[in-house]
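Here's the letter readout for the chains.
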Amino acid sequence: MTTTSPAWNHAPVRVGLVGAGPWARAVHARVLAAGPETTLTSVWARRPEAARETAAPHGAAVAATFEELLDGCEAVAFSVPPSVQAELAVRAAEAGKALLLEKPLALEPAAARRLVDAIDASGTVSQLVLTNRYHPAVRRFLAEARALDVSGARSCGVGGAFLGGDFATPWRLEHGALLDLGPHLLDLLDAALGPVVRIRATGDPRRWVELTCEHEGGAVSQASLSGSVEVERGTVRVELFGRHPELVLDAGALDHEESWPVLRREFATAVRTGRPGELDAHRGLYLQTLIARALDD
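Attention here is on the structure that accompanies the text.

Analysis parameters
- Residues numbered from 1 in each chain as written.
- Predicted model: local features only at pLDDT ≥ 70, side-chain atom pairs only at ≥ 80, totals over all residues.
- Heavy atoms only, no water.
- Axes fitted to C-alpha atoms, helices over the stretch in contact; angles between N-to-C directions.
- Helix = DSSP H or I, 4+ residues; strand = E, 2+ residues; numbered from the N terminus.
- Parallel < 35°, antiparallel > 145°, perpendicular 65-115°, else oblique.
- Contact = heavy atoms within 4.5 Å.
- Nonpolar A, V, L, I, M, F, W, Y, C, P; charged D, E, K, R; others polar.
- Phe/Tyr/Trp six-rings, centres within 6.5 Å; stacked < 30°, edge-to-face > 60°.
- Pairing = 2+ DSSP bridges.

**Re the packing of helix H9 (residues 182-193) against helix H11 (residues 281-296)**
Helices that pack against each other are described as a pair by the angle of their axes relative to one another and the distance between those axes.
Thinking step 1. Interaxial distance between H9 and H11 falls to 10 Å at its minimum, and their mutual angle equals 105 degrees. When the axis of H9 is compared with that of H11, the two are roughly perpendicular. In contact with Gly 182, Pro 183, Leu 186, Asp 187, Asp 190 and Ala 191 of H9, H11 contributes Arg 283, Tyr 286, Leu 287, Leu 290 and Ile 291.
Thinking step 2. Looking at side-chain class alone, the contact of H9 with H11 contains 7 nonpolar, 1 polar and 3 charged residues.

As structure tokens, this is what we get:
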């Protein structure tokens with residue numbers, strides 16, 4: 001995970017990690033420990049043995065309680081189910097800790113709103129782990145897209161993660177692709193085409209769901225979402241059409257190792273300056289509200 005970013009001239013942000021599952025081990029712990037912008041201070045999880053396995057390769061401590069983790073850090077990263085994140089992140093915000101949050105923020109908009117309100121009341125900063133948005137190729141795609149007069153778009157986020165394995169978790173199996181994959185795709189469509197003003201969904205989020213979005217500028221986009229289909233590899237793809245050559249983003253083919261140094265640098269910068277970026281908890285609440293509107297239509 002090399003980067004050509006300028007040297008980091010501040011003290012590393014001391015981050016505590018909540019969670020010790022596959023994503024916490026493969027991404028959060030590894031990326032936060034790599035520095036130089038951050039250092040992994042400690043890990044807390046429901047299962048102490050899992051916390052030890054996550055912390056040990058990086059020389060981090062194991063916190064006996066959530067309160068102990070808060071006492072030893074200035075920022076908290078979450079890699080837990082949405083319902084757990086929504087509860088514990090409120091407590092972390094009330095303790096004045098900066099927050100690195102997963103999507104979705106919560107299982108329902110009301111809990112996401114409570115979290116955002118707690119963040120705003122505390123005056124702390126937050127950042128959302130929308131993996132694609134930190135990749136340089138995605139940022140180039142969005143810059144090109146915003147300069148175009150797009151008439152319509154089609155997109156898909158499909159894969160077989162819910163069929164078995166580390167990510168066939170209870171909350172994903174219960175709520176399906178709309179809540180898991182939906183934030184990624186809606187974020188890209190909204191960022192490329194402008195704010196979504198109307199949205200509707202058809203299908204079953206636990207099998208296959210189709211979204212139709214109308215955007216502020218007049219463009220119409222569609223998104224196919226499923227985590228329950230047998231495919232060779234997962235696909236995240238966005239295609240834009242208009243009076244211009246087709247513009248395509250194949251995010252599923254990107255090496256996301258290029259995303260993590262950008263995410264880490266921007267989170268640490270937000271903490272040190274006290275100024276959150278575009279991809280903060282308010283963005284997460286906006287995306288969750290869109291999903292709720294699609295389901296209510």
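After that view of the structure, there is still more to cover.
**So, the packing of aromatic side chains**
The relation between two aromatic rings is expressed through the spacing of the ring centres and the mutual angle of the planes.
Thinking step 1. In total, this model carries 3 aromatic pairs according to the counting rule given.
Thinking step 2. For the ring pair Trp 23 and Phe 167, a centre distance of 6.3 Å and an interplane angle of 75 degrees mean the geometry is edge-to-face. Residue Trp 23 is located in helix H1 (residues 22-34), and its partner Phe 167 is located in the loop between strand E7 (150-158) and helix H7 (170-175); the two are separated by 144 residues in the primary sequence.
Thinking step 3. Between Trp 23 and Trp 260, the aromatic rings sit 6.0 Å apart at their centres with planes inclined by 75 degrees, giving edge-to-face as the arrangement. Of this pair, Trp 23 sits in helix H1 while Trp 260 sits in helix H10 (residues 260-273); the two residues are 237 residues apart in sequence, bridging distant segments of the chain.
Thinking step 4. Put simply, the rings of Trp 23, Phe 167 and Trp 260 pair up and form one aromatic cluster.

**Some words on the sheet that holds strand E8 (residues 196-204)**
Thinking step 1. With mixed pairing, the 6 strands of this open sheet are ordered in space as E8-E9-E10-E7-E11-E12. Looking at strand neighbours, the two that pair on one side only are E8 and strand E12 (244-250), the edges of this open sheet. Averaged over all pairs of adjacent strands, the angle between strand axes in this sheet comes to 10 degrees, irrespective of strand direction.
Thinking step 2. As paired elements, E7 and strand E11 (residues 235-242) share 8 bridges and run antiparallel to each other. Across the sheet, the residue bridging to Ala 153 is Leu 240, located in E11.
Thinking step 3. Here helix H6 (residues 136-146) sits on the sheet and contacts E7, E11 and E12; the angle it forms with E12, its principal contact strand, is near 155 degrees.
Thinking step 4. Its contacts with the sheet put H11 on E8 and strand E9 (208-215), and the angle it makes with E8 is roughly 55 degrees.

**So, the sheet that holds strand E6 (residues 126-128)**
Thinking step 1. The parallel open sheet is built from 6 strands, whose spatial order is E3-E2-E1-E4-E5-E6. For this open sheet the edge positions go to strand E3 (61-62) and E6, each flanked by a neighbour on one side alone.
Thinking step 2. Inspection of the sheet shows strand E4 (residues 75-78) paired to strand E5 (residues 98-101) by 3 bridges, in the parallel sense. Bridge pairing links Ala 75 to Ala 98 in E5.

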